[in-house]
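Descriptive analysis of the structure
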Amino acid sequence: MQGEVVAGGENWFLIRNNCVCDLYIQGELRTDDGVMITFAGHAYSRTTPEIRQAIFEGAPINGKDYAFRGVPFFETDDPHYSWLNEVVTMAVYDFTPVRVAVSVYAMR
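Scope of this entry: the structure provided in the associated data block.

Attention now goes to the overall build of the chain. Across its full length, the chain holds one helix and seven strands. Order of helices (α) and strands (β) in the chain, N terminus to C terminus: β-β-β-β-α-β-β-β. Projected onto its principal axes, the C-alpha positions of the chain cover 45 × 25 × 20 Å. Put simply, the chain has 108 residues, and 31% of those count as buried. Within the chain, contacts between residues separated by at least 24 positions form 45% of all contacts whose residues are at least 6 apart in sequence. For the chain, the exposed surface amounts to about 7300 Å²; the carbon and sulfur share of it is 52%.

Tallied over the entire structure, the rule returns two aromatic pairs. Three or more aromatic residues joined by ring pairs form one cluster here, namely F13, F68 and Y93.

Every buried residue of helix α1 (residues 49–56) is accounted for by I51, A54 and I55. The arc that holds every buried residue of α1, seen down its axis, measures 100°, which confines them to one face. Residues of α1 that are exposed and angled more than 90 degrees away from the buried face: E50 and F56. Two residues or fewer after α1 comes G58, characterised by a positive phi angle close to 75°.

Conventions used here
- Within every chain, residues take consecutive numbers counted from 1 along the sequence as written.
- Local features are withheld for residues below a pLDDT of 70 in this predicted model, meaning they are given only at 70 or higher, and side-chain atom pairs are given and counted only at 80 or more; totals for whole chains, interfaces and linings count all residues.
- With hydrogens and water excluded, all non-hydrogen atoms of the structure serve as input to the side-chain values.
- By definition, any uninterrupted DSSP run of H or I lasting at least four residues is a helix, any uninterrupted run of E lasting at least two residues is a strand, and each is numbered from the N terminus.
- Throughout this description, buried means an accessible area under 20% of the type-specific maximum (1.4 Å probe, protein chains only), exposed means over 50%, and partly exposed covers the range between.
- Contact between two residues is taken to exist if any of their heavy atoms lie within 4.5 Å; hydrogens are not considered.
- The method behind every accessible area is Shrake-Rupley, applied with a 1.4 Å probe, and residues are considered shielded solely by the protein chains displayed.
- Here is the rule: rings of Phe, Tyr and Trp (six-membered ring for Trp) pair when centre to centre is within 6.5 Å. Planes less than 30 degrees apart are stacked, more than 60 are edge-to-face, and the remainder are tilted.
- This arc corresponds to the set of directions leading from the helix axis out to the C-beta atoms.

Pasting the structure below:
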């Protein structure tokens, strides 16, 4: 399944003084076949002070320099994707100043 997040969602990104990052997200995504799916999740990462400063400056971040993992939950009325309503997932986040790519894996 692939899709894009629809404008209008919300996210809160907090970088603590100890370089632990918290991400809270919620919104909707539209799959490549046009289905709308609601999501919400929470993620954590630990960075170095140098990576934290690069994030503050909007610099590109090398995915090898941090590990950002989270647990999103999904909800949809579409029968084809109804399995998402009943599964626990884990997400790997890769971000740049202009784009966030999320790979989600179902735990079965």
